[in-house]
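Understanding the architecture of this molecule
Single-letter residue listing:
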Amino acid sequence: MNQFGVKQQGMVFADGGILAKQWKNGSFEKVRWEHTNPATGVIWRTDDSGTLLGREELDPLGAEMGKVNPYTSGSGGGGTGGDCEGVHVHTQQPAANDVDGSCYLNGVAAPCGTVMNMLNHGGATQIDLSKTDDMGRPQVREPKTPDGVEIAGIWGKLKSLFKNPRAKELSDRLSADSSTEDPYEPDPQELKEALDKPIIVNSDIHVSESAHASSDRPTIPTDTLPTNLRERVLRIRDGCAEYTNNYLRALGSGYNSLTFGALYDRIKTIEISSEPYAKAGLNTGEGMSYPGLSTTNNNSRQVYIYPDERTANSNQEFRWNKIAETVFFELFHHANSGSTYTDQAMDNAALNLMSAKDKAATKDQAHRDKWRNGTIANRAFNANCFNRGK
Amino acid sequence: MRKTKLAMLLLVCEIIVSVITSSAQAQPDMRHGITLLRTTRFDLEAKYPNSDQRAVGTYVLPDGILLVDFYEFDRCKPSYGLKPTWDVPKWAVEEYTFIPTTPPMFNDFHLDPIHFRTERESPHVPDLISYINDIEGVDYTFNPDGTLNQVRYFPGTRSGNHRCPQGD
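Residues numbered from 1 in each chain as written. Chains lettered and ligands numbered in written order. Predicted model: local features only at pLDDT ≥ 70, side-chain atom pairs only at ≥ 80, totals over all residues. Heavy atoms only, no water.

1. A few points about the pattern of salt bridges
Condition: Any Lys or Arg side-chain nitrogen located within 4 Å of an Asp or Glu carboxyl oxygen qualifies as a salt bridge. By the criteria applied, helices consist of DSSP H or I runs no shorter than four residues and strands consist of E runs no shorter than two, each listed in order from the N terminus. We call a residue buried when its accessible area falls under 20% of the maximum for its residue type, exposed when it is over 50%, and partly exposed in between, using a 1.4 Å probe and counting protein chains only.
With the rule as written, the count across this model stands at 21 salt bridges over all chains. With a closest N to O distance of 3.0 Å, A:Arg235 and A:Glu231 form a salt bridge. In this pair, A:Arg235 and A:Glu231 both sit in helix H7 (residues 229-239), 4 residues apart, roughly one turn of the helix. B:Arg41 is the salt-bridge partner of B:Glu45, the closest N and O atoms lying 3.0 Å from each other. In this pair, B:Glu45 and B:Arg41 both sit in helix H2 (residues 41-47), 4 residues apart, roughly one turn of the helix. When its relative accessible area of 22% is taken as the criterion, B:Arg41 is described as partly exposed. Sharing partners across several salt bridges, the network here consists of A:Lys359, A:Lys363, B:Asp69, B:Glu72 and B:Glu94.

2. Quick notes on the interface of chain A and chain B
Interfaces are often sized by the amount of accessible area the parts lose when they come together. Quick note on the threshold: Two residues qualify as a contact provided that any one of their heavy atoms is within 4.5 Å of a heavy atom in the partner residue. Two parts placed together each lose some accessible area; with a 1.4 Å probe, that loss summed over both constitutes the buried area. N or O atoms within 3.5 Å of each other form a polar contact, as long as, within protein, one can give a hydrogen and the other can take it, and as long as residues adjacent in sequence are counted only when both atoms are side-chain atoms.
At the interface, 38 residues of chain A touch 36 residues of chain B. Where chain A abuts chain B, roughly 3,000 Å² becomes buried across the two surfaces, and 51% of that area is made up of carbon and sulfur atoms. The largest per-residue losses of area from chain A upon contact with chain B belong to A:Arg249, A:Gln344 and A:Asn352, which jointly make up 18% of the total buried on that side. The interface formed by chain A and chain B includes 5 salt bridges. When the shortest N-O distance is used, the salt bridge between A:Lys363 and B:Glu94 registers 2.9 Å. Viewed at the interface, chain B and chain A are joined by 20 residue pairs in polar contact (both at pLDDT 80 or more). Counting residues per element, the ones that place at least two in the side of chain A that touches chain B are helix H8 (241-251), strand S11 (292-297), helix H12 (316-333), helix H13 (343-352) and helix H14 (356-368) of chain A.

3. Brief notes about the state of the cysteines
Residue and element names in this part refer to chain A. Heads up, the condition is: Throughout, a disulfide means two cysteine sulfur atoms within 2.5 Å of one another.
As enumerated under the stated definition, the model contains 2 disulfides over all chains in all. The disulfide partner of Cys-240 is Cys-385, and the gap between their sulfur atoms is 2.2 Å. Its S-S torsion of approximately 95° makes the covalent link between Cys-240 and Cys-385 right-handed. Taken together, the positions of Cys-240 in the loop between H7 and H8 and Cys-385 in helix H15 (residues 375-386) put the pair 145 residues apart, joining distant regions of the chain.

4. Some words on the sheet that holds strand S3 (residues 64-70) of chain B
All names here are of chain B. Note the cut-off: By definition, two strands form a pair when at least two bridges between them are found by DSSP. Interaxial angle, 0 to 180 degrees, is taken between N-to-C directions of lines fitted to C-alpha atoms, where a helix line uses only the stretch in contact.
Strand order in the open sheet made by the 8 strands is S1-S2-S3-S4-S8-S7-S6-S5, with antiparallel pairing throughout. Each having just a single partner strand, strand S1 (52-55) and strand S5 (117-119) make up the two edges of the open sheet. Strand-to-strand twist in this sheet, taken as the mean axis angle between neighbours without regard to direction, amounts to 20°. Bridge count between strand S4 (residues 93-100) and strand S8 (residues 148-153): 3 bridges; the pairing is antiparallel. Among the inter-strand pairings, Phe-98 is bridged to a residue of S8, identified as Val-151.

5. Description of the confidence of the model for chain B
Basically, it comes down to this: By definition, pLDDT measures how confident the predictor is in each residue, and it falls between 0 and 100.
Scored by pLDDT, chain B has a mean of 89; 86% of the residues are at 70 or more. The complex model carries a pTM of 0.59, and its ipTM stands at 0.86.

6. A look at the nonpolar core
Formally: Side-chain atoms within 4.5 Å link the members of a nonpolar core, which is a set of buried Ala, Val, Leu, Ile, Met, Phe, Trp, Tyr and Cys residues.
A:Val233, A:Tyr247, A:Phe260, A:Val327, A:Phe328, A:Phe332 and A:Phe381 are the most contacted members of the largest nonpolar core, which has 45 residues in total. A per-element tally of this core places H12(A) first, with 7 residues. Leaving out residues up to four positions away in the same chain, A:Phe381 has contacts with A:Tyr243, A:Tyr247, A:Phe328, A:Phe329, A:Phe332 and A:Phe386. The next biggest cluster of nonpolar side chains, apart from the first, holds 22 residues, and it includes B:Met30, B:Ile34, B:Val68 and B:Phe109.

7. Points about the packing of aromatic side chains
Note the following rule: Any two of the Phe, Tyr and Trp rings considered here, Trp counted by its six-membered ring, make a pair once their centres fall within 6.5 Å; the pair's planes then place it as stacked at under 30 degrees, edge-to-face at over 60, or tilted in between. Comment: the charge-over-ring label is applied if NZ (Lys) or CZ (Arg) is within 6 Å of the ring centre and within 35 degrees of the ring normal.
Going through the model one piece at a time under the given rule, you end up with 24 aromatic pairs over all chains. Note on A:Phe260 and A:Phe328: the rings are 5.1 Å apart at their centroids and 40° apart in plane angle, and the pair reads as tilted. On the criterion of sequence distance, the pair formed by A:Phe260 in helix H9 (residues 260-266) and A:Phe328 in helix H12 is long-range, its members being 68 residues apart. Per residue, the accessibility class of A:Phe260 equals that of A:Phe328, and both read buried. By the ring-pair criterion, three or more aromatic residues cluster together here, those being A:Tyr243, A:Tyr247, A:Phe260, A:Phe328, A:Phe329, A:Phe332, A:Phe381 and A:Phe386. Sitting over the ring of B:Trp91, B:Arg41 keeps its end group 4.8 Å from the ring centre.

Structure representation (structure tokens):
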């Protein structure tokens, strides 16, 4: 305990000697194993991954003891398996999550990974192998709150622990303060590789919803351009090539449906950004009045898309198609050889393609409903290109 | 002495008048001889027989693009279940826009800010700024670099006497 009563170190005893030490430095927790050769008294220290940290004196016989946990045999088990064998004085090496009678909690067989996880994360204060139950099994004391109150129902508590104790442990290490004084900082690459391994969910431990929520990576809202935006735009062109051609003619543009790719390539920047909207005072109210904007700056052309993370998160493909439609529409503004077509010019071109009856009706509705400039063209494209057959 | 002063005064006046006159003459004329609510589609096609007519109302001329909105009604006779607006013949030019190939600069127009309101009329192209005279029915839109993007002529408030009695 430190001066504030917070646990700093835990120990595992075997046969009256220290088998393992667990300590904490800030948010950094580690387990160090001490392997004592009973014949020679030489002490080897390894970390919980089995890496040799050092030894206190050489074997007087010169025999190499190796750096593996002396209480294990074989090399299987992987991960935290090697950690567990030290708890159990016998030589079986179980997998971390196997309940094979190698590890015990309060006299109950428990997955070794869980036992070690408790040790690593402060859940178990002490595992004392010198005290056994009637069957000779080692005892683990119940974890206590900072107030010293024992937490009842250890298994219930365990259920809300982590999906993969090893992953959590490694993750904690990665995020630990780099200024830690621990001289045995593991290789970050090694930790990364370990973290990249598939997570094995212990079938013995039911992970609660809250544990899922806390261990799953939070969904970060993102709205991105599709990598094949040009292809998507040209696909829209293909679907309404005739209207595209007629509309470009009605605008008086030199472009046509066949040169639409070149029109796309005129645009220097296509970007999702709300900045130009804020600058122009657009889309400030509810809803998104203008999904796309066109600008020209120093002879370069830009198309901006208003961000819509919510749609992107709920249906990415739908969002990308919408972005392609927006870009497709904005390209007509850029079909003017010298500058950009205004929204009024766009509306005029759309009206010039209508029958006298439709034109009169559209103008009448636009006047009555006070449509903003560009609405006639937008609706014309919705009808002739985007919503065809829907 | 008196004659010299008088001659000097006359010279100064002449210079002032010539400057004003030359400024007025320098203002680009983009009207293409079209009189709103009077010139018809027939007139236009007679005037520009060699124009590249891309659609009804779209004329590609050597100096730019002309986008014309023709009147769909026959004077004040209701059609398509809609009320007409103007007491003018069918196919009369109701409004038109000219997009110049070689755009003049803002300064070429000598616009008097008292007679024009400014507005950003193209929300999809927010960098463009328009100078609108509602009385005369003229709307100049300029690019960010100061060149003219387009000029639009529409029935100004002076055109009120052409309205149908029941029209809004």
